[in-house]
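# Results of the structural survey
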Amino acid sequence: MMQLKYAVTALFFMFIIMACNNRPAANNTPDVKASVSKNTDSFNLAFNSVIINYDSLLTAFINWDTVAADKYATALQLSLISVPYEQMPDEAAASKATGIAQNAADALQTLIAIDSINNKRRFFYTASEGIYHLIKTTGYDKAVIYHKKCPMAFDDEREGWWISTEREIDNPYLGKFHPKYKNAMLECGIIEDSINNRQQ
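Throughout this document, residue positions are counted from 1 along each chain, in the order its sequence is written. Since the coordinates come from a predicted model, pLDDT governs what is reported: local features require at least 70, and pairs of side-chain atoms require 80 or more to be given and counted, while whole-chain, interface and lining totals use all residues. The side-chain values count all of the structure's non-hydrogen atoms but skip hydrogen atoms and water molecules.

## Considering the pairing of strand S2 (residues 158-164)
Three exposure classes are used, based on accessible area relative to the maximum for each residue type with a 1.4 Å probe and protein chains only: buried under 20%, partly exposed in between, and exposed over 50%. Runs of H or I in DSSP of at least four residues are treated as helices and runs of E of at least two as strands, each being numbered from the N terminus. Along S2, five of the seven residues are buried, which leaves the element largely enclosed by surrounding structure. A loop of three residues connects strand S1 (residues 145-154) with S2, the two strands running antiparallel in sequence, and Asp155 in this loop sits at a positive phi of about 55°. At least two bridges found by DSSP between two strands are what make those strands a pair.

## Quick look at the environment of Ser116
As for its placement among the helices and strands, Ser116 is situated in the loop between helix H4 (91-113) and helix H5 (117-138). With relative accessibility at 30%, the residue Ser116 sits in the partly exposed group. Separated by 50 residues in sequence, Ser116 and Thr66 have C-alpha atoms that sit 8.2 Å apart. A polar side-chain atom of Ser116 sits 3.2 Å from the main-chain amide nitrogen of Asn118. The term polar contact refers here to a pair of N or O atoms within 3.5 Å; inside protein, the definition further demands a hydrogen-donor-capable atom paired with an acceptor-capable atom, and it admits residues adjacent in sequence only when both atoms are side-chain atoms.

## Observations regarding the layout of surface pockets
Gaps between atoms show up when a probe of the same size as a water molecule is rolled over them. Residues are said to line a cavity or pocket when one of their atoms sits within 4 Å of a point; the points come from a 1 Å grid over protein atoms alone, cavities being sets where a 1.4 Å probe fits but cannot get out and pockets being open sets with protein on both sides within 12 Å along at least five of seven lines. Grid points are joined across faces, edges and corners, and a volume is the space filled by probe spheres set on the points. Volume-wise, the largest pocket comes out at about 180 Å³. In terms of lining, the largest pocket is formed by 13 residues, of which the most central are Asn118, Ala153, Phe154, Asp155 and His178. Basically, the charged four are Asp, Glu, Lys and Arg, the nonpolar ten are Ala, Val, Leu, Ile, Met, Phe, Trp, Tyr, Cys and Pro, and anything else, Gly included, counts as polar. When the residues that make up the lining of the largest pocket are grouped by side-chain class, the tally is seven nonpolar, two polar and four charged.

## Focus on the packing of helix H2 (residues 41-62) against H5
Close contact between H2 and H5 brings their axes to 11 Å; oriented N to C, the two are set at 155°. Relative to H5, H2 is oriented roughly antiparallel. H5 is crossed by H2, and the crossing has left-handed handedness. Every residue of H5 that contacts H2 at Phe43, Phe47, Val50, Ile51, Tyr54, Leu57, Leu58 and Phe61 is listed here: Ile117, Lys120, Arg121, Phe124, Ser128, Ile131, Leu134, Ile135 and Thr138. Looking at side-chain class alone, the contact of H2 with H5 contains 13 nonpolar, two polar and two charged residues. The angle between two axes is taken between their N-to-C directions and runs from 0 to 180 degrees, where each axis is a line fitted to C-alpha atoms and a helix contributes only its stretch in contact. Any angle that is under 35 degrees is reported as roughly parallel, and any over 145 degrees as roughly antiparallel; angles of 65 to 115 degrees are reported as roughly perpendicular and all others as oblique. Each helix crossing is assigned a hand: it is left-handed if the near helix lies turned anticlockwise from the far helix by less than a right angle, otherwise right-handed if that turn is clockwise. Residue contacts follow a heavy-atom distance rule, with two residues in contact if any of their heavy atoms lie within 4.5 Å.

## Quick word on the packing of aromatic side chains
Put simply, two rings from Phe, Tyr or Trp (the six-membered ring, in Trp's case) pair if the centres are within 6.5 Å, and we call them stacked under 30 degrees between planes, edge-to-face over 60, tilted for the rest. For the coordinates displayed, the defined rule picks out 10 aromatic pairs. Judged by centre distance (5.6 Å) and plane angle (20°), the ring pair of Tyr54 and Phe124 falls under stacked. Taken together, the positions of Tyr54 in helix H2 and Phe124 in helix H5 put the pair 70 residues apart, joining distant regions of the chain. Just as Tyr54 is buried, Phe124 falls in that class too.

## Regarding the side chain of Ser128
Within the element layout of this structure, Ser128 appears in helix H5. Separated by 2.7 Å, the side chains of Ser128 and Tyr54 make a polar contact. The contacts of Ser128, once residues within four sequence positions are left out, are Tyr54, Trp161, Trp162 and Ile163.

## As for the pattern of salt bridges
Here, a salt bridge means any side-chain nitrogen of Lys or Arg that lies within 4 Å of a carboxyl oxygen of Asp or Glu. Summed over all chains, the structure comprises five salt bridges. As a salt-bridge pair, Lys180 and Asp156 come within 3.3 Å of each other at their nearest N and O atoms. Taken together, the positions of Lys180 in the loop between S2 and strand S3 (190-195) and Asp156 in the loop between S1 and S2 put the pair 24 residues apart, joining distant regions of the chain. Classification of Lys180 by relative accessible area gives exposed; the value is 57%.

Structural data, given as structure tokens:
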């Protein structure tokens, strides 16, 4: 009787092992259609560089790193004026985008020229708002862009905005090494708007 019990138990475990080994292979293909862009590949490639350099500049401010801020502000400035806006399908929008990009690049030039990180943040704010409007004007559609607000960016009372491809809040105005708050206010901020121009 005992041998029968062991045999049944062994058969049960063999069945479980066989069932696990015969599971269908996982489908790693995401169930989404590839987005179709209304802009050219060369436009998107150039504008992706804007987003990447902006994100690096954002990180520099989060880290209170003036050397990195100057480095990535320079890279962002160059990428902004290198986008082939003339390839946009709407000529009027292309002309407007060119002007916005130049104004943002001018703000970055001032950012690079001044020493104080707090003053640099004021021109980071100006450039951020310019790039936010640039994204709306160009219809950039390779990522969702979040427009975020810090309610106490300047002197603990004036608001400041920035953009990000991530929903999480990493505040570039208060950052990780604030003289008063340290990193306690890093997640201070709210999403004010999002731009999703992607088409399925």
